[in-house]
Amino acid sequence: MLQTASDTPRASVPLPEIYHRVERHIPAFEWPLLAGDIAAILKLKKERNAVLLAHNYQTPDIFHTVSDIVGDSLALAREAARTDAEVIVLAGVHFMAETAKLLNPQKTVLIPDLEAGCSLAASITAADIRLLRQRHPGVPIVTYVNTSAAVKAESDICCTSSNAIKIIESLGVPRVIMLPDEYLARNTAAQTRVEIIAWKGHCEVHERFTPEDVRSLRESHPGITVLAHPECPPEVIAECDFTGSTAAMADYVGKERPARVVLLTECSMSDNVALQHPDLEFVRPCNLCPHMKRITLPKIRHALQTMTHEITVDPAIAERARRAVERMLELG
Ligand code: 13P
Ligand code: SF4
């Protein structure tokens, strides 16, 4: 017989208070398999004076149980700049850990899997940026945080999906280069008078959504509210009810409380938000980010046990890259 969370008295499961946060997502029979890692991570964090920052795309077992700070890329960068902890563990992808290191050169920053990359970060190099500068002299370069430190170092300022318009308009120029995400650039251009020169990078998760997906969702789920991340193609955004960063989508759900909703973004994001709103119906045609999914509880435990994998940035690159990130944070 299949046992469900509600069949098992909560007090009989390990770490009952923590289990309560995820019991609608994780069956009671699976919980003991996770609880050992969770208890070990909580203990190790104290021993190491470590803080665990988790992106909204981390799975609920990480997001709702062991994380100290959760959020979008901008929130994680801000919190990394504020923390007093000696060690930062980044449950997210490499560029996020690198950004945390740029802002905390004296601290130890760990990523549980060094291979957790990003198709956007892989789409452009520092040499590409130098060529773009030659081709468009005097045009400022606004770089999405989903890039390597070497790329950030060649840029004037960084942005995230939650502050792109504000950053671009703050520069007071008629034209900017915005890279590497072509769709974020085009979606931003639709909301500002500033002319935007884009690059051809795409997020492998969001580029797969299509306008037909939105139409068939509306047909099969009448009344559905469709939210989408601005890394989706503009033709998809045009069919949606709201677009915003991962944090902006979560805020929208909290404030507007749509009875039936779909988040066109990474699957775990929808799972995490759904756990916070048991009374709303979440429809799940989402896509998985294979890079985000490299981070697991056993790997986080291992990272804290062995203090690996430590993020380092060449100091010559770090100083210039930090300037681009700090300029963004100064603007909010
Ligand atoms: P957010 O800044 O909206 O969290 O996006 C990060 C990301 O990687 C989206 O794919
Ligand atoms: Fe990169 Fe897309 Fe994965 Fe975000 S979801 S980390 S942009 S590949």
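Here the structure is shown first, and the text comes after it.
All values reported here derive from a predicted model rather than from experimental measurement.

**Student:** Help me out: how do you make sense of the overall build of the protein chain in this one?
**Tutor:** What the protein chain contains, in helices and strands, is 15 helices and twelve strands. Since a compact globule built from 332 residues should have a radius of gyration of about 20 Å, the 20 Å found for the protein chain is in line with a globular shape. Counting only C-alpha atoms, the protein chain reaches 65 × 50 × 30 Å along its principal axes. Every one of the 332 residues in the protein chain was classed for burial, and the buried ones make up 55%. In the protein chain, the share of contacts with a sequence separation of at least 24, taken over all contacts with a separation of at least 6, comes to 60%. Here the protein chain displays about 14,300 Å² of accessible surface, and carbon together with sulfur accounts for 52% of that area. A gap of 3 Å separates the mean positions of the 35 positive and 42 negative side-chain charges of the protein chain.

**Student:** Whenever I open this one, the nonpolar core confuses me. Can you help?
**Tutor:** Nonpolar side chains in soluble globular proteins tend to end up buried together. Counting 88 residues, the largest nonpolar core has Trp 31 and Leu 263 as its most contacted members. Dropping the residues within four chain positions of it, Trp 31 is found in contact with Val 13, Pro 14, Leu 15, Ile 18, Tyr 19, Val 22, Ile 26, Ile 38 and Thr 65.

**Student:** Quick question: what am I supposed to make of the pattern of salt bridges here?
**Tutor:** Side chains bearing opposite charge may pair, as long as their charged atoms lie close to each other. Applying the stated criterion across every chain, the model contains 21 salt bridges. The residue Glu 182 makes a salt bridge to Lys 200 at a minimum N-O spacing of 3.5 Å. One end of the pair, Glu 182, is in helix 9 (residues 182-189); the other, Lys 200, is in the loop between strand 8 (195-198) and helix 10 (211-220), with 18 residues separating them in the sequence. Of the residues examined, Lys 200 reaches a relative accessible area of 64% and is grouped as exposed. One salt bridge connects Glu 281 with Arg 260, and the closest N-O pair in it is separated by 2.8 Å.

**Student:** How should I be thinking about the packing of helix 4 (residues 73-82) against helix 5 (residues 94-103) in this particular structure?
**Tutor:** Between two packed helices, the angle of one axis relative to the other and the distance separating the axes together describe the packing. Across the interface, helix 4 lies against helix 5 with an axial gap of 8 Å and an inter-helix angle of 30°. Here helix 4 lies roughly parallel to helix 5, going by the angle between them. The element helix 4 and its partner helix 5 pack so that their crossing is right-handed. Contacts between helix 4 and helix 5 involve Ser 73, Leu 76, Ala 77, Ala 80 and Ala 81 from the first element and Phe 95, Met 96, Thr 99, Ala 100 and Leu 103 from the second.

**Student:** What should I look at first to understand the site of ligand 2 in this one?
**Tutor:** Near ligand 2 the following residues occur: Tyr 57, Val 93, Cys 118, Ser 119, Leu 120, Asn 146, Cys 203, Val 205, Glu 231, Cys 289 and His 291. By residue class, the composition of the shell around ligand 2 is seven nonpolar, three polar and one charged.

**Student:** Got a minute to help me understand the state of the cysteines in this structure?
**Tutor:** Covalently bonding the sulfur atom of one cysteine to the sulfur atom of another cysteine gives a disulfide. Going through the model one piece at a time under the given rule, you end up with one disulfide. Across the disulfide, Cys 267 is cross-linked to Cys 286 (sulfur-sulfur distance 2.3 Å). For the disulfide bridge between Cys 267 and Cys 286, the dihedral angle about the S-S bond is near 105°, and by the sign convention the bridge is right-handed. Of this pair, Cys 267 sits in helix 13 (residues 267-276) while Cys 286 sits in the loop between strand 12 (281-283) and helix 14 (297-306), placing them 19 residues apart in sequence. Taking relative accessible area as the criterion, Cys 286 reaches 15% and is therefore assigned buried. Left unpaired, Cys 158 is separated from the closest cysteine sulfur, that of Cys 159, by 7.5 Å. Judged by its relative accessible area of 0%, Cys 158 is buried. We note that Cys 232 lacks a disulfide partner, and the nearest cysteine sulfur, in Cys 240, lies 6.7 Å from it.

**Student:** I keep staring at helix 15 (residues 315-331) and nothing clicks. Help me out?
**Tutor:** Because each turn of an α-helix spans 3.6 residues, side chains separated by three or four positions end up pointing in the same direction. Helix length check: helix 15 (17 residues) gives 24 Å between terminal C-alpha atoms against 24 Å at 1.5 Å per residue, within 8%. All buried positions along helix 15 are accounted for by Ala 318, Ala 321, Arg 322, Ala 324, Val 325 and Met 328. One side of helix 15 carries all its buried residues, which in axial view fall inside an arc of 165°. Those residues of helix 15 that are exposed and aimed more than 90 degrees away from the buried face are Pro 315, Ala 316, Glu 319 and Glu 330. Packed against the buried residues of helix 15 are helix 4, helix 5, helix 7 (149-153), strand 6 (157-159) and helix 8 (164-170). You can read the cap of helix 15 off the contacts: a side-chain oxygen lies 2.9 Å from the backbone nitrogen of Ala 316, and it is on Asp 314. Gly 332 lies just past helix 15 and shows a positive phi near 95°.

**Student:** Teacher, can you tell me more about unusual backbone geometry here?
**Tutor:** Phi is mostly negative for residues that are not glycine, and the peptide bonds are mostly trans. Each neighbour pair has its own omega, and for Leu 179 with Pro 180 the value is 0°, a cis peptide bond. Relative to the assigned elements, Pro 180 resides in the loop between strand 7 (175-179) and helix 9. That bond from Thr 308 to His 309 is cis: its omega, -10°, falls within 30 degrees of zero. Note on placement: His 309 falls in the loop between helix 14 and helix 15. For Asn 49, which is not glycine, the phi torsion reads 50° and is therefore positive. Relative to the helices and strands, Asn 49 resides in the loop between helix 2 (31-48) and strand 1 (50-55). The phi dihedral of Arg 257 is positive, around 50°, even though this residue is not glycine. Looking at the element boundaries, Arg 257 is found in the loop between helix 12 (246-256) and strand 11 (260-264). On the accessibility criterion, Arg 257 (36% relative accessible area) is partly exposed.

Rules used throughout
Residues numbered from 1 in each chain as written. Chains lettered and ligands numbered in written order. Predicted model: local features only at pLDDT ≥ 70, side-chain atom pairs only at ≥ 80, totals over all residues. Heavy atoms only, no water. Helix = DSSP H or I, 4+ residues; strand = E, 2+ residues; numbered from the N terminus. Rg over C-alpha atoms; globule rule 2.2 N^0.38 Å. Buried < 20%, exposed > 50% of the residue type's maximum accessible area, 1.4 Å probe, protein only. Contact = heavy atoms within 4.5 Å. Areas by Shrake-Rupley, 256 points an atom, 1.4 Å probe, with all protein chains shown as cover. Lys, Arg positive; Asp, Glu negative; His and termini not counted. Charge placed at Lys NZ, Arg CZ, Asp CG, Glu CD. Core = buried A, V, L, I, M, F, W, Y, C linked by side-chain atoms within 4.5 Å. Salt bridge = Lys/Arg side-chain N within 4 Å of Asp/Glu carboxyl O. Axes fitted to C-alpha atoms, helices over the stretch in contact; angles between N-to-C directions. Parallel < 35°, antiparallel > 145°, perpendicular 65-115°, else oblique. Left-handed = near helix turned anticlockwise from the far one by under 90°. Near = heavy atom within 4 Å. Nonpolar A, V, L, I, M, F, W, Y, C, P; charged D, E, K, R; others polar. Disulfide = S-S within 2.5 Å. Expected span 1.5 Å × (residues − 1). Arc of directions from axis to C-beta. Polar contact = N/O pair within 3.5 Å; in protein donor to acceptor, adjacent residues only side chain to side chain.

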